[in-house]
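Listed below, chain by chain, are the residues.
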Amino acid sequence: MSDSATDDGRTGDGTRAVRAGLPEPVKHEPTLPGPVFAAHFHLPGEVTGPYAYGRDDNPTWTLLEQAIGELEAPGQDCVETLVFASGMAAISAVLFSQLRAGDAVVLPSDGYQVLPMVRAQLEAYGIEVRTAPTGDDAQLEVLDGANLLWIESPSNPGLDVCDIRRLAEAAHARGALVAVDNTLATPLGQRPLELGADFAVASGTKQLTGHGDILLGYVAGHDAEAMAAVRRWRKIVGAIAGPMEAWLAHRSIATLQLRADRQNATALTLARALRERPEVTGLRYPGLPDDPSYKTASRQMRRYGCVVSFTLPTRARAERFLQALRLVDDATSFGGVRSTAERRRRWAGDPVPEGFIRLSVGAEDAEDLVADVLRALDASAD
Ligand SMILES: *Cc1c(COP(=O)(O)O)cnc(C)c1O
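Model, not experiment: these values are computed from the prediction.

A. Structural view of the domain arrangement of the protein. For the protein, the assigned domains are domain 1 (4–253) and domain 2 (257–379). Computed over C-alpha atoms, the centres of domain 1 and domain 2 are 26 Å apart. Listed per partner, the contact involves 34 residues of domain 1 and 34 residues of domain 2. Summed over both partners, the interface of domain 1 with domain 2 buries about 2,700 Å², with 51% contributed by carbon and sulfur atoms. Of all residues in domain 1, the largest losses of buried area upon contact with domain 2 belong to Gln113, Leu159 and Gln207, amounting jointly to 24% of the total for that side. Among the salt bridges present, the one from aspartate 160 reaches arginine 284, with a minimum N-O distance of 3.0 Å. Counting across the interface, domain 1 meets domain 2 through 20 residue pairs in polar contact (both at pLDDT 80 or more). Among the elements of the structure, helix H1 (13–19), helix H5 (164–173) and helix H7 (243–253) are those that each provide at least two residues to the side of domain 1 that touches domain 2. Looking at the side of domain 1 that touches domain 2, the element that brings in the most residues is H1, giving 3 residues.

See below:
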């Protein structure tokens, strides 16, 4: 059995995840070849073939890119995927390769915390930046005359969701390209390219690789010209993934469906338990049927992610809660097999209340995790 057996778009997610990007079996060779450490490759005579210099291509990337492509766009051979050193490298590659001075771009006003810095850089290059919230498809109202629409759904950390298909159709009707940050959902939770986006972009640092030990990013897209510009940007900026990181990512993708199903199911259980607590306000989880995101999320998402957001009454209460947790590390990032939580307001970027907690549910047993969170809520009470 080869990868061609799993890329017809009909196999299950678990099957696809364990076989994604595997090369044809070769006698005495490993199933997933090890990382190729090479700055340059033997290249006698003319420059032909893909592997010449390590900033341009690497066989370990090739297999990982194939794997991610099979998950983002099963059965669509025309999709090209490029891996990067981090999610920000991937995001910047799309924005800075596609936009020129005089262009206009629409960003979410409630997106990833580095986007305001990206905005300042885009503006310094003479690009007009407009922002609108993710919820209620509010980006629709600022689309006229834009060249690129940047969507982040669900948004981090507010977990608002927008109707990707609706926004993509409106953007395309105005001649704008559409990129979706798919970090929170992972390709098993949402497939932006099938929903009409031109680019699916993500940080592989989070649930995609899921062990909190590597940074990685990728861009997947089906427009050959647009992807050539993204590839060119990777070459000139050189924000490339190390072979070891790429290999670890590929190894980790084999368990993506197992991890996501476990973590996401526990996230829903935890959200349900938090809903019963009087000190918890602003609880958000897109998979909770009474969440404001649920209606749209349930139409376009296949899994709802492992992040739960909520607000405790004060900063002090939130800090005591985080200290009282035993199974949840006070740390940033999300998506790992070990639960993490943080008071998001400690970072400058997010306009959230002082007591706002972003909790990333790991692969612990649900009973243990819920008990720990409820105990820490009790222990942190005034
Ligand atoms: C973490 C994150 C990024 C940035 O990814 P890095 O790998 O840290 O560079 C971008 N978008 C979202 C939604 C994220 O959560």
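B. Summary view of the sheet that holds strand S9 (residues 307–311). Pairing in this open sheet of 5 strands is mixed, and the strands run S8-S9-S12-S11-S10 from one edge to the other. The open sheet is flanked by strand S8 (281–284) and strand S10 (329–330), the only strands paired with a single partner. Note: S9 against strand S12 (residues 356–360), 5 bridges, orientation antiparallel. Among the inter-strand pairings, valine 307 is bridged to a residue of S12, identified as serine 360. Contacts from helix H8 (residues 256–275) reach S8, S9 and S12, with the element oriented near 15° to S9.

Calculation criteria
By convention here, each chain's residues receive numbers from 1 onward along its written sequence. Side-chain atom pairs in this predicted model are given and counted only at pLDDT of 80 or more, local residue features only at pLDDT of at least 70, and totals for whole chains, interfaces and linings cover all residues. In computing side-chain values, all of the structure's heavy atoms are included and hydrogens and water are not. The split into domains, and so the bounds of each, comes from an automatic or database assignment of domains. In this description, contact between two residues means that some pair of their heavy atoms is separated by no more than 4.5 Å. Once two parts are joined, some of their accessible surface, as seen by a 1.4 Å probe, is lost; buried area is that loss totalled over both. One speaks of a salt bridge when a side-chain nitrogen belonging to Lys or Arg is within 4 Å of a carboxyl oxygen belonging to Asp or Glu. Whenever a nitrogen or oxygen atom comes within 3.5 Å of another N or O atom, the pair is scored as a polar contact, on the condition that within protein one atom can donate a hydrogen and the other can accept it, and that pairs from neighbouring residues in sequence are kept only if both atoms are in side chains. In this text, helices come from DSSP runs of H or I with a minimum length of four residues, and strands from runs of E with a minimum of two, each type numbered from the N-terminal end. At least two DSSP bridges between two strands are needed for those strands to be called paired. Geometry is summarised by axes, namely lines fitted to C-alpha atoms with helices restricted to the contacting stretch, and by angles between N-to-C directions that run from 0 to 180 degrees.

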